[in-house]
Amino acid sequence: MLLYNSATRRRDEFVPNEEGKVSMYTCGPTVYHYAHIGNLRSYIMEDVLEKYLRYVGYDVTRVMNITDVGHLTSDADTGEDKMLKGAKREKKTVLQIAEYYTNAFFEDCKKLNIKTPDVVAPATSCIDEFIKVIKSLIEKGFAYEAGGNIYFDTSKLRQYYIFNDFREEDLEVGVREGVEEDGNKKNKADFVLWFTKSKFDDQELKWDSPWGVGYPGWHIECSCISMKFLGEKLDIHCGGIDNAFPHHTNEIAQSEAFLGHKWCNYWFHVHHLNTNSGKMSKSSGEFLTVSLLESKGYNPLVYRLFCLQSHYRKSLVFSYENLDNAVIAYNKIVAKAVSLLKEDAGEVISEDFEAGKAKFCTALDNDLNTSLGVTAIYDVLKMKTTPATKLALIEDFDRVLGLDIVVAAKAQIEKEREAAEAAASDPFIQEIEALIAERAAAKKARDFARADAIRSELTDKGVTIIDTPEGTKYKID
Ligand code: AMP
Ligand code: ZN
């Protein structure tokens, strides 16, 4: 499989550290608000990556953190803790909003068929690990204390910038939004590992540490949680593209300084979901949620299809018009599956199955080309093979795509059956159908006066009849 690696800036052949096994780490949500559908684009595409790796036979262990402390309003070390901001907004405690929005996040994931990672760890549950790693970084000379905080010293590294060619001047005050001068830093790129109350007095969650009562920085949590559960060598680290700098850059700096060797081999970054006015973000307050889409009548899996129809390394513009096109595509595929289920299935023909599967794998092996993966479904529908083979292929692809196509088709058939059953036991429907049958018989016997009389009787009852080549249909007003 070829996978674009932001660290090498090319598509690399994916080879895990240990044969047959993959360790995968995902930056989890900052739980101070609902996840917006932009955040969820990242989690959908990461879910497809995980599912595809499992599909081709890897034993994947995936870990995700929950950021419930330390992520400040600027991704650099300024502003207040986003969690505190959320708690103030809702007049609740930080732990209350963390619990509420963590549950809301996983409910959204469930609706979008995003699998819960094997390990989910809130940052507040790993404080001892953070302190242990920070202590070691100080001992090794990679971190220093200033003004009560502990900073990582980026000048101690041979290479700090990994993903982009940022220069220190790019970090000048005012150049990047929200960056203020922090006089304690020895170098502009240095970042905080541990804050003490000397910096933010009203911080709600604080812990004792060798450097005083305080709380961890955002970056240290992901390094430590990954190392705690996945060991010293990580295969794939995922996140949205905005996390590449400074968050992932800082993660690499501190993890490799602590370990003394290379840490993560592949960096998988999902590009942004934008609106016409720019990146969708929680802080701007203008964002769409899964619940909002549902309240407008959209099936969340249609949003999943919308995301799969474009490549994860291209930014994607959200509009209702584009989403409506995904609705049409989704309904069309489900309708085809309904027809297949109603046909005489026949046997699964293994050569045809393998040929269909090969097309799907070629698409996904090419840097997770999900849009061609979706096209592979259309190709299956056009194949000259048995319905059983087609349905088996669609279900097989769905282990990765997660669109519930056959599930939705079966639900539709069940709904039709229930409706037919309800109609059969409804006296009014029985009366209408008896009159329609009598009208057909009258027409056949060329008794047009009787046929017309029945039509007017039905009209009086509020029933409109429509004659079609497949027979007479009716509509109750
Ligand atoms: P947060 O909850 O802000 O920590 O972000 C959770 C994840 O969503 C991170 O991986 C971000 O990089 C990602 N993300 C944030 N905004 C967007 C967006 N508009 N489109 C796609 N991913 C995003
Ligand atoms: Zn992270």
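For the structure, check the block above.
To keep things clear, this report deals only with the structure shown in the data block. Within each chain, residues carry numbers counting from 1 in the order of the written sequence. To label them, take the chains in the order written and letter them from A, then take the ligands in the order written and number them from 1. Only residues with pLDDT of at least 70 are given local features in this predicted model, and only at 80 or more are side-chain atom pairs given and counted; all residues enter the totals for whole chains, interfaces and linings. Hydrogens and water are ignored here; the side-chain numbers use all heavy atoms of the structure.

**Examining the coordination of the zinc ion (ligand 2)**
Turning to step 1, where the next piece is worked out: The donor set covers N, O and S atoms within 2.8 Å of the metal, switching to 3.2 Å for Na, K and Ca, and it leaves out water, so a site may look short of donors. Coordination sphere of the zinc ion (ligand 2), protein contribution only: Cys27 (SG), Cys222 (SG) and His247 (NE2), at 2.0 to 2.2 Å.
Turning to step 2, where the next piece is worked out: Within one chain, the residues donating to the zinc ion (ligand 2) are spaced in sequence as C-x194-C-x24-H. In this pair, Cys27 sits in the loop between β3 (21-26) and α1 (37-55) while Cys222 sits in helix α5 (residues 218-230), placing the two residues 195 residues apart along the sequence. Helix numbering and strand numbering both begin at the N terminus, where a helix is a DSSP run of H or I of at least 4 residues and a strand a DSSP run of E of at least 2.

**Structural notes on the side chain of Asp153**
Turning to step 1, where the next piece is worked out: Along the chain, Asp153 falls in the loop between β7 (149-152) and β8 (191-196).
Turning to step 2, where the next piece is worked out: At 2.9 Å, the side chain of Asp153 forms a polar contact with the side chain of Asn187.
Turning to step 3, where the next piece is worked out: Residue contacts are defined here by distance: any two heavy atoms, one from each residue, within 4.5 Å place the two residues in contact. In this view, Asp153 contacts Phe142, Ala143, Tyr144, Lys186, Asn187 and Asp190; residues no more than four positions away in its chain are not counted. Residues adjacent in sequence count toward polar contacts only when both atoms are side-chain atoms; beyond that, a polar contact is any pair of N or O atoms within 3.5 Å, and within protein one must be able to donate a hydrogen and the other to accept it.

**Observations regarding empty space enclosed by the protein**
Over the atoms a probe the size of a water molecule is rolled, and this reveals where empty space is left.
Turning to step 1, where the next piece is worked out: Only protein atoms enter the 1 Å grid used here, on which a cavity is any set of points holding a 1.4 Å probe that cannot leave and a pocket is any open set flanked by protein within 12 Å on both sides along at least five of seven lines; residues with an atom within 4 Å of a point are listed as lining. Grid points are joined across faces, edges and corners, and a volume is the space filled by probe spheres set on the points. Counted by the stated rule, this structure contains two cavities of 30 Å³ or more.
Turning to step 2, where the next piece is worked out: Taken together, Tyr43, Arg62, Met64, Phe105, Phe106, Cys109, Ile114, Lys115, Thr116 and Pro117 make up the full set of residues lining the largest cavity.
Turning to step 3, where the next piece is worked out: Polar here means any residue outside two lists: the nonpolar Ala, Val, Leu, Ile, Met, Phe, Trp, Tyr, Cys and Pro, and the charged Asp, Glu, Lys and Arg; Gly therefore counts as polar. Its residues assigned to classes, the lining of the largest cavity shows seven nonpolar, one polar and two charged.

**Focus on the environment of Phe152**
Turning to step 1, where the next piece is worked out: Along the chain, Phe152 falls in strand β7.
Turning to step 2, where the next piece is worked out: For Phe152, a relative accessible area of 0% translates into the label buried.
Turning to step 3, where the next piece is worked out: Spatially, the C-alpha atom of Phe152 lies 55 Å from that of Ala411, the residues being 259 residues apart in sequence.
Turning to step 4, where the next piece is worked out: Excluding its chain neighbours within four sequence positions, the residues that come into contact with Phe152 are Leu137, Phe142, Ala143, Tyr144, Leu157, Asp190, Phe191, Leu193, Ala253, Gln254 and Ala257. A 1.4 Å probe rolled over the protein chains alone gives each residue an accessible area, and that area as a share of the maximum for its type sets the label: buried under 20%, exposed over 50%, partly exposed in between.

**Describing the packing of aromatic side chains**
Turning to step 1, where the next piece is worked out: Pairing of aromatic side chains here covers Phe, Tyr and the six-membered ring of Trp, requires ring centres within 6.5 Å, and sorts the geometry by plane angle: under 30 degrees stacked, over 60 edge-to-face, intermediate tilted. All told, the structure shown has 24 aromatic pairs when counted by the stated rule.
Turning to step 2, where the next piece is worked out: Taking 5.6 Å as the distance between ring centres and 20° as the angle between the ring planes, the aromatic pair formed by Tyr144 and Tyr151 counts as stacked.
Turning to step 3, where the next piece is worked out: According to the relative accessible area criterion, Tyr144 is buried, its value standing at 9%.
Turning to step 4, where the next piece is worked out: An aromatic cluster is present here, built from Tyr298, Tyr303, Phe306, Phe318 and Tyr320 joined pairwise through their rings.
Turning to step 5, where the next piece is worked out: Criterion for a charge above a ring: Arg CZ or Lys NZ at most 6 Å from the ring centre, at most 35 degrees from the ring normal. A cation over an aromatic ring shows up here: Lys186 above the ring of Tyr144, its NZ or CZ 4.3 Å from the ring centre.
Turning to step 6, where the next piece is worked out: In this arrangement the basic side chain of Arg313 is found over the ring face of Tyr4, its NZ or CZ atom lying 4.0 Å from the centre.

**Overview of helix α11 (residues 370-382)**
Residues lying three or four places apart along an α-helix face the same way, a consequence of the helix completing one turn every 3.6 residues.
Turning to step 1, where the next piece is worked out: Under the convention used throughout, the expected extent of a helix is 1.5 Å for every residue step, that is, one less than its residue count. With 13 residues, α11 extends 19 Å between its outermost C-alpha atoms, agreeing within 8% with the 18 Å of an ideal straight helix rising 1.5 Å per residue.
Turning to step 2, where the next piece is worked out: Every buried residue of α11 is accounted for by Thr370, Gly373, Val374, Ala376, Ile377, Val380 and Leu381. Projected down its long axis, α11 carries its buried residues within an arc of 145°, all on one side.
Turning to step 3, where the next piece is worked out: Where α11 is buried, its residues touch α1, α8 (300-308), α9 (320-342), α10 (350-365) and α12 (387-401). Note that the arc is computed from the directions linking the helix axis to the C-beta atoms.

**Quick word on unusual backbone geometry**
Turning to step 1, where the next piece is worked out: Note the cis peptide between Phe245 and Pro246, where omega equals 5°.
Turning to step 2, where the next piece is worked out: Tracing the sequence through the fold places Pro246 in helix α6 (residues 244-259).
Turning to step 3, where the next piece is worked out: The backbone of Arg9 sits at a positive phi, close to 60°, despite the residue not being glycine.
Turning to step 4, where the next piece is worked out: Structurally, the position occupied by Arg9 is in the loop between β1 (2-5) and β2 (10-13).

**So, the pairing of strand β11 (residues 264-270)**
One face of the sheet, then the other: side chains in a regular strand alternate in exactly this way.
Turning to step 1, where the next piece is worked out: With respect to burial, β11 is a largely interior element, six of its seven residues being buried.
Turning to step 2, where the next piece is worked out: By the bridge criterion, six bridges tie strand β10 (residues 234-240) to β11 in an arrangement that is parallel. Across the sheet, residue Ile236 finds its bridge partner in β11, namely Tyr266.
Turning to step 3, where the next piece is worked out: By convention, orient the strands away from the viewer: a clockwise path from the first strand over the helix to the second makes the crossover right-handed. Considered for its hand, the β-α-β crossover made up of β10, α6 and β11 is right-handed. Pairing between two strands requires that DSSP report at least two bridges joining them.

**A short note on the sheet that holds strand β9 (residues 214-216)**
Turning to step 1, where the next piece is worked out: On the basis of which strands lie adjacent, the open sheet formed by four strands has the order β6-β7-β8-β9 and antiparallel pairing. Two strands bound the open sheet, and with one partner strand each, they are β6 (143-146) and β9. This sheet shows a mean twist of 25° between the axes of neighbouring strands, independent of strand direction.
Turning to step 2, where the next piece is worked out: Of the strand pairs in this sheet, β7 and β8 are connected by three bridges, and their pairing is antiparallel. By the bridge assignment, Phe152 is partnered in β8 with Phe191. Helix axes are fitted to C-alpha atoms over the stretch in contact, other axes to C-alpha atoms as well, and angles between N-to-C directions run from 0 to 180 degrees.

Function cannot be inferred from these measures alone, as they are strictly geometric.
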